[in-house]
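Tertiary structure, described
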Amino acid sequence: MNNLTAMLAQGAHPEMTKAVTDHAKSTQTAKDFEAVFLTQFVDEMMKTTGDTAFGGKDQAEMWRSFMSEAVAKHLVEQGGLGLAGSVEKMMDAYTTSAKPQTSVERFGK
């Protein structure tokens, strides 16, 4: 049972479950962003190995992209460069500050 399911089972407030869902989405988006960045980074490094490492020029183009993406995803799951954490914090701060305030939050009543 995941966190959201457990919270719903315990009768959590809908706004709280939305916050958990939003946080999970921002976590995944941040990881995806870092994976795209690392894919490009790893692909540039793999271009220096030459075409013979992948079986020739035609095979190199195809296999290098698959390998770059796989290595990048693995690096992200192992902690990556730390970009995902920073991106996630920025996204969470943006969504928190962009949320409209209720009259209680606004006037403190």
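Calculation criteria
Residues numbered from 1 in each chain as written. Predicted model: local features only at pLDDT ≥ 70, side-chain atom pairs only at ≥ 80, totals over all residues. Heavy atoms only, no water. pLDDT = per-residue confidence, 0-100. Helix = DSSP H or I, 4+ residues; strand = E, 2+ residues; numbered from the N terminus. Phe/Tyr/Trp six-rings, centres within 6.5 Å; stacked < 30°, edge-to-face > 60°. Buried < 20%, exposed > 50% of the residue type's maximum accessible area, 1.4 Å probe, protein only. Salt bridge = Lys/Arg side-chain N within 4 Å of Asp/Glu carboxyl O. Polar contact = N/O pair within 3.5 Å; in protein donor to acceptor, adjacent residues only side chain to side chain. Contact = heavy atoms within 4.5 Å. Expected span 1.5 Å × (residues − 1). Bend = angle between axes of the 7 residues up to and from the residue. Patch = residues over 30% accessible without salt bridge, like charges linked within 9 Å, V, L, I, M, F, W, Y side chains within 5 Å. Areas by Shrake-Rupley, 256 points an atom, 1.4 Å probe, with all protein chains shown as cover.

Here the focus is the confidence of the model for the protein. Scored by pLDDT, the protein comes out at a mean of 77, with 70% of its residues at no less than 70. Within the protein, helix α3 (residues 57-77) carries the highest mean pLDDT (87), whereas helix α5 (residues 103-107) carries the lowest (49).

Another aspect to go through is the packing of aromatic side chains. Taken as a whole and assessed by the stated rule, the structure comprises one aromatic pair. Measuring from centroid to centroid gives 5.8 Å for Trp63 and Phe66, while their planes differ by 55°, and the two rings are tilted. Taken as a pair, Trp63 and Phe66 lie in helix α3 at a separation of three residues, close to a single helical turn. For Phe66, a relative accessible area of 48% puts it in the partly exposed group.

As a further point, take the pattern of salt bridges. Oppositely charged side chains may form a pair once their charged atoms are brought near each other. In the structure shown here, the tally under the stated rule is four salt bridges. Between Lys47 and Asp43 there is a salt bridge, with the nearest N and O atoms lying 4.0 Å from each other. With a relative accessible area of 42%, Lys47 lands in the partly exposed category. Its relative accessible area of 16% is what places Asp43 among the buried residues. Measuring nitrogen to oxygen at the nearest pair gives 3.1 Å for the salt bridge that ties Glu44 to Lys47. Several salt bridges converge on common partners, so that one network encompasses Asp43, Glu44, Lys47 and Arg64.

As a further point, take the side chain of Ser26. By secondary structure assignment, the location of Ser26 is in helix α2 (residues 14-46). The class for Ser26 is buried, based on a relative accessible area of 5%. Polar side-chain contacts of Ser26 include one of 2.7 Å to the side chain of Asp92.

With that settled, consider the side chain of Arg64. Mapping Arg64 onto the fold places it in helix α3. Contact partners of Arg64, with chain neighbours within four places excluded, come to Asp43, Met46, Lys47, Asp51 and Phe54.

Before going further, it helps to spend a moment on α3. End to end, α3 covers 30 Å across 21 residues, agreeing with the expected 30 Å (1.5 Å per residue, within 8%). A maximum bend of about 25° is found in α3 at Trp63. Where α3 is concerned, the buried positions are Ala60, Arg64, Ser68, Ala72 and Val76. Gly79 sits one or two positions beyond α3 and adopts a positive phi of about 120°.

Here we take up a nonpolar patch on the surface. On the surface, Phe37, Phe41, Met45 and Leu81 cluster together into a nonpolar patch covering about 420 Å² of accessible area. Residue position: Met45 is located in helix α2. Met45 sits in the partly exposed class, given a relative accessible area of 45%.

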